[in-house]
Amino acid sequence: MSLPSLSVVPIFATPFAVMELPAALPTTPVVAQLLARHAAAKLGTAPAAARLCYESRDDLLEWNEEPVRQLCSEILRGVWSTVAAVTTLTSEQLATLSMQARGWFTVIQQNGCVQAASHPLTAWCGIYCLEAPQPSAERSDSGVVRLYESRLGTMFSDATNSALRVPFNHGHSSWRAVPGQLAVFPGSLTHEIPLVRSAGPLTLITVRTRFVGPGQEGLSRW
Amino acid sequence: MVGPALRLSPAFAVPILQTRRDSSEQLNRALETLFLERESDEYRNPTPSHTPQAETFESRFNLFRWPEPCIQELRRFVLDNIAQAVIQTTTVTPEELSRLKFQNHTWFHITRYAGSFVAHNHPLASWSAVYCVRAGEEVREHPQSGLLRFFDPRQGANAYLDAANEHLHPPFALRSLDLRLTAGDLVVFPSYLFHEVTPFHGADMRITVATNCWFV
């Protein structure tokens, strides 16, 4: 039997960008230590359970410490690169946009997690990994960022549509956070960090961003 | 100023039915004893649909075929309530329902410290239900421990929020629904609805029975 030639393309695709930030690497350990000290000071005498996951206020992009400013600047550049790669905007058009962004950091210890959430009023979300524990042999999703399936799924399942290959398959998608890497994806995408089962902190910086064109009315405050 | 009369109704609504079995202590004790006795490879689900966790035991899907009286008592309670859910939410009459063949996959979960179940739904089923045999320790420091969380199916609707849509009344609110089950509680919901069990931080265990039903 000869098969017809066919063209299969992914429609309704979600952009998910992962990139190394070489310029951020030298400052990453310094910032990780700084953030760990900040978290420890804020947690103070908090109960042990509360220490499993520390999430800072979303004012990280306003911090004055130079290593933090440098690192965050690289993260935001990574978001710009993603926008340039996935939109039809020319570089001239992109240059007319101004970015609005909020940022915070999260330190997740063994047995800590971040509940599923999406970010309203956000076009793009970026997650940069500063440090990560070893994967857990017992729990494959330990230390990953899990992005929830966002397409309206079919409730009809058979032997073929349940075995679709990437990128057509249904189900959640996971990114194992690697120190020095930035992941960028739509802010509307629900994501979570499942329970971390390995020892050692998972330290992440998250930014939520949106872009305002010339003459556009202001967006609501965050 | 007197405005025109408004008629406000929930369109695209998701039916969630909650009930409770009165005096369920004896039944739950019998179920717990039986499940703990059978928490072994012989009774473990051999083909789990999700990556198994050591902290969560999932049984085979034939639970309601077990002949033990406690299982059959639970079967009647769960399936009767699912039948009620169908009657209350559809145009199917009790007579029509009685002519349908009521199929189910039913299993139990035993979840210990750090166990959870990733967000999922159940293709090829119409109604699902969860019965709570044992709620597990409630940990004050972890208010989100061991919750049954239903995700809002209106995905993306909360991507733009302002003062006029941020605080909608239930059932219009754009957020997930968290339920903390207690022993004897039953929740019935459409199988298409995504749901998860959040990480359990109790020192003991959380035991539930879940079922997926379809009608032929």
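Conventions we followed
Residues numbered from 1 in each chain as written. Chains lettered and ligands numbered in written order. Predicted model: local features only at pLDDT ≥ 70, side-chain atom pairs only at ≥ 80, totals over all residues. Heavy atoms only, no water. Helix = DSSP H or I, 4+ residues; strand = E, 2+ residues; numbered from the N terminus. Rg over C-alpha atoms; globule rule 2.2 N^0.38 Å. Buried < 20%, exposed > 50% of the residue type's maximum accessible area, 1.4 Å probe, protein only. Areas by Shrake-Rupley, 256 points an atom, 1.4 Å probe, with all protein chains shown as cover. Pairing = 2+ DSSP bridges. Axes fitted to C-alpha atoms, helices over the stretch in contact; angles between N-to-C directions. Phe/Tyr/Trp six-rings, centres within 6.5 Å; stacked < 30°, edge-to-face > 60°. Salt bridge = Lys/Arg side-chain N within 4 Å of Asp/Glu carboxyl O. Core = buried A, V, L, I, M, F, W, Y, C linked by side-chain atoms within 4.5 Å. Polar contact = N/O pair within 3.5 Å; in protein donor to acceptor, adjacent residues only side chain to side chain. Contact = heavy atoms within 4.5 Å. Patch = residues over 30% accessible without salt bridge, like charges linked within 9 Å, V, L, I, M, F, W, Y side chains within 5 Å. 1 Å grid on protein atoms, 1.4 Å probe; cavity = no way out; pocket = protein on both sides within 12 Å on 5 of 7 lines; lining within 4 Å. Points joined across faces, edges and corners; volume = space filled by probe spheres on them.

A. Examining the overall build of chain B more closely. Summing up its helical and strand segments, chain B has three helices and ten strands in all. In chain B, the succession of α and β elements from N to C terminus is β-α-β-α-α-β-β-β-β-β-β-β-β. Relative to a compact globule of 216 residues, whose C-alpha radius of gyration would be 17 Å, chain B shows 19 Å and is just as compact. Summarising its shape, the C-alpha atoms of chain B cover approximately 70 × 50 × 35 Å along the three principal directions. Burial status across chain B gives 46% buried among its 216 residues. Summing over all exposed atoms, chain B offers an accessible surface of approximately 11,900 Å²; the carbon and sulfur share of this is 54%.

B. Expanded view of the sheet that holds strand S6 (residues 144-147) of chain A. All names here are of chain A. The four strands lie next to each other as S4-S9-S6-S7, forming an open sheet whose pairing is antiparallel. Looking at the sheet topology across the chains shown, the edges are occupied by strand S4 (114-117) and strand S7 (173-176). With direction set aside, neighbouring strand axes in the sheet form an average angle of 20°. The pairing of S6 with strand S9 (residues 191-193) spans two bridges and is antiparallel. Counted as the bridge partner of Leu147 is His191 from S9.

C. Geometry of the sheet that holds strand S6 (residues 148-150) of chain B. All names here are of chain B. Across the sheet, which stays open at both edges, the four strands sit in the order S4-S9-S6-S7 with antiparallel pairing between neighbours. Sheet topology places strand S4 (117-120) and strand S7 (177-179) at the edges, where each strand pairs with a single neighbour. Averaged over all adjacent pairs, the angle separating strand axes in this sheet is 15°, with direction ignored. Judged from the three bridges that link them, S6 and strand S9 (residues 195-197) form a sheet pairing that is antiparallel. Residue pairing across strands places Leu148 opposite Val197, the latter belonging to S9.

D. View of the packing of aromatic side chains. A complete count under the given rule lists 13 aromatic pairs over all chains for this structure. With 5.6 Å between their ring centres and 45° between their planes, A:Tyr54 and A:Phe105 make a pair best called tilted. Of this pair, A:Tyr54 sits in strand S2 (residues 53-55) while A:Phe105 is found in strand S3 (residues 98-108), placing the two residues 51 residues apart along the sequence. A:Phe105 gets classed as buried once you look at its relative accessible area, which sits at 0%. When the centroid spacing of 4.1 Å and the interplanar angle of 10° are considered together, the rings of B:Phe35 and B:Phe108 count as stacked. Here B:Phe35 is found in helix H1 (residues 25-37), whereas its partner B:Phe108 is found in strand S3 (residues 102-111), with 73 residues between them in sequence. The exposure class of B:Phe35 is buried, given its relative accessible area of 0%. For B:Phe108, a relative accessible area of 0% translates into the label buried.

E. Quick peek at the pairing of strand S5 (residues 124-131) of chain A. Residues and elements named next belong to chain A. Along S5, seven of the eight residues are buried, which leaves the element largely enclosed by surrounding structure. Of the pairings in the sheet, the one linking S5 to strand S10 (residues 202-212) comprises seven bridges and is antiparallel in character. From the neighbouring strand, Tyr128 faces S10, where its bridge partner is Ile205.

F. Region of the structure containing the pattern of salt bridges. Evaluation of the coordinates by the stated rule reveals 20 salt bridges over all chains. Of the charged contacts in the structure, one is a salt bridge between B:Arg21 and B:Glu73, with a shortest N-O distance of 2.3 Å. One end of the pair, B:Arg21, is in the loop between strand S1 (17-20) and H1; the other, B:Glu73, is in helix H2 (residues 69-89), and 52 residues separate them in sequence. Judged by its relative accessible area of 17%, B:Arg21 is buried. Salt-bridge contacts for B:Asp204 lead to B:Arg134; the nearest nitrogen and oxygen are separated by 3.0 Å. Separated by 70 residues along the polypeptide, B:Asp204 in the loop between S9 and strand S10 (206-215) and B:Arg134 in strand S5 (residues 127-134) bring together distant segments of the chain. The class for B:Arg134 is partly exposed, based on a relative accessible area of 24%. Through salt bridges with shared partners, a single network forms among A:Asp58, A:Glu62 and A:Arg102.

G. Molecular detail of the nonpolar core. Residues and elements named next belong to chain B. By size, the foremost hydrophobic cluster in this structure holds 32 residues, and its most contacted members are Leu31, Phe35, Ile71, Val78 and Tyr131. Looking at this core, the elements that each hand over two or more residues are H1, H2, S3, S5, strand S8 (185-190) and S10. Tallying contributions element by element places H2 first for this core, with ten residues.

H. Representation of the side chain of A:Thr203 in the model. Residues and elements named next belong to chain A. Here Thr203 is to be found in strand S10. Overall, the relative accessible area of 1% leaves Thr203 in the buried class. Among the polar contacts made by the side chain of Thr203, one reaches the side chain of Glu131 at a distance of 2.9 Å. With sequence-adjacent residues up to four places away left out, Thr203 is seen in contact with Leu35, Thr106, Val107, Tyr128, Cys129, Leu130 and Glu131.

I. Region of the structure containing a nonpolar patch on the surface. Residues and elements named next belong to chain A. Taken together, the side chains of Val9, Ile11 and Phe12 present a nonpolar region at the surface, about 360 Å² in accessible area. Within the secondary structure, Val9 sits in the segment before strand S1 (17-20). For Val9, a relative accessible area of 52% puts it in the exposed group.

J. Seen up close, the layout of surface pockets. Within this model, the second largest pocket holds a volume of roughly 840 Å³. In terms of lining residues, the second largest pocket is bounded by 33 residues, among which A:Thr190, B:Phe151, B:Asp152, B:Gln155 and B:Ser176 are the most central.

K. Seen up close, empty space enclosed by the protein. Inspection of the entire model under this criterion finds two cavities of 30 Å³ or more. Considered as a void within the structure, the largest cavity measures approximately 120 Å³ in volume. If you go around the largest cavity, you meet 18 residues; those closest to its centre are A:Glu192, A:Pro194, B:Ser116, B:Glu196 and B:Pro199. Of all the elements in the fold, those that place two or more residues in the lining of the largest cavity are S4 and S9 of chain A together with S4 and S9 of chain B.

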